[in-house]
Amino acid sequence: MTTVCEHISHPQSLASANPAEPPSDSYESQFAKWDELSYIRTKPRRATPFDRNLYFYPQGLATLFAHPKVAGSPEQIRRKLLVLHLYNYLEFTVRLELGPVNEIVRLLCHEDFLPWLPSPMKDDAFKIYVDEGAHAEMCHTFMMAVQESTKVERLRLTPAFLRTLDDLVSREEPEHRPLIKLFFVIISETLITGSLVKLPKDQSVQRAVRDLANDHATDEGRHHAYFRKVFEYVWTRLPRVLRRRIGTLLPDMILAFLQPDKSALTRMLESFPEQFPKPAQIVEEVVNYKSTRDGIVTSASPTLKMLREHHVFDDPAIDSAFMRLRLA
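Residues numbered from 1 in each chain as written. Predicted model: local features only at pLDDT ≥ 70, side-chain atom pairs only at ≥ 80, totals over all residues. Heavy atoms only, no water.

K.L.:
I'd like a description of unusual backbone geometry, backed by residues and values.
P.N.:
Among all residues except glycine, the phi angle is most often negative; among peptide bonds, the trans geometry is most common. Although it is not a glycine, lysine 151 adopts a positive phi angle of roughly 65 degrees. Here lysine 151 lies in the loop between helix H6 (119–150) and helix H7 (160–170). Despite not being glycine, arginine 156 has its phi angle at roughly 55 degrees, a positive value. Along the chain, arginine 156 turns up in the loop between H6 and H7. The exposure class of arginine 156 is exposed, given its relative accessible area of 58%. (Helix = DSSP H or I, 4+ residues; strand = E, 2+ residues; numbered from the N terminus. Buried < 20%, exposed > 50% of the residue type's maximum accessible area, 1.4 Å probe, protein only.)

Right under this line is the structure:
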């Protein structure tokens, strides 16, 4: 029996299943000046001291602060909650980069995985692997420094997106799983979140936090362009049935990264039982705010634009899946 991975490995076998013309084999690398631009190749380890008057995370990006009970809580509690939000952001980054992203990038480095991808694209995958490992290390090291300085303990939570990925993968046949993970990573790398765009500019936040976010965002701009190109090359070569199957999972993948992690947010509030006796209720209210939903759509807009450009929503089943989750 021919597996999906065999189909993807040999583009000629897709010709009858997918009449769409594949993209041009021209590939313009975003990594020509990687040695001069990458964080791990050029930036010294920063040692910016913390300022007691500044916060560790922007209140405007901290999901819980949309709720009046949280926004109106005592200053000391708000400061600790912002540290917990920072930990959540850093742990999310560590687990994403060391987990699914570098798992897929490692596959892209291999000649026998999607071997028809341009050689320069595969060469760039090695650079991304190094970048992502560096991002994980800098976030982990920074998290330890913040904990030592603030004495606020980490909650050591498993990010919700990992549970979503496990669920999506477990429902598929083994031969489909690498592709599910590939598109999961493409989604993660093409979203543009507030933490990458707004955090570096917020003057109320510690300079060290802003510098870290800016270093991360600079590298991620190149990764964003790279994975948009991976999507273009792979999507057009998928058999129509497989495109529909993966396409109907894409909205779940988007929400895995952008939907508030209710378990993590509840645990944060549980750290202050006297101030927040009903943490789950507060979290549920925040998740259902219109502003929360609008924020998800805004962060998803670059990815949704990419999908439209490649006519993903021309399939009624895929379009319906996005409509059902209010992403179209």
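K.L.:
Lay out the confidence of the model for the chain with the relevant residues and their values.
P.N.:
Residue-level pLDDT values for the chain average 89, and 89% of them are 70 or greater. Confidence, read as mean pLDDT per element, is least for helix H1 (residues 4–9) in the chain (44) and greatest for helix H14 (residues 279–287) (98). Contacts for the low-pLDDT stretch residues 1–22, under 50 throughout, to residues beyond four places or in other chains number 39 contacts. (pLDDT = per-residue confidence, 0-100. Contact = heavy atoms within 4.5 Å.)

K.L.:
Tell me what's going on with helix H12 (residues 250–258), and back it up with residues and numbers.
P.N.:
By the criterion of burial, H12 is predominantly enclosed, with eight of the nine residues buried. Turning to H12, its buried residues are Leu250, Pro251, Met253, Ile254, Leu255, Ala256, Phe257 and Leu258. Where H12 is buried, its residues touch helix H5 (75–109), H7, helix H8 (177–190), helix H11 (240–247), helix H15 (290–309) and helix H16 (316–324).

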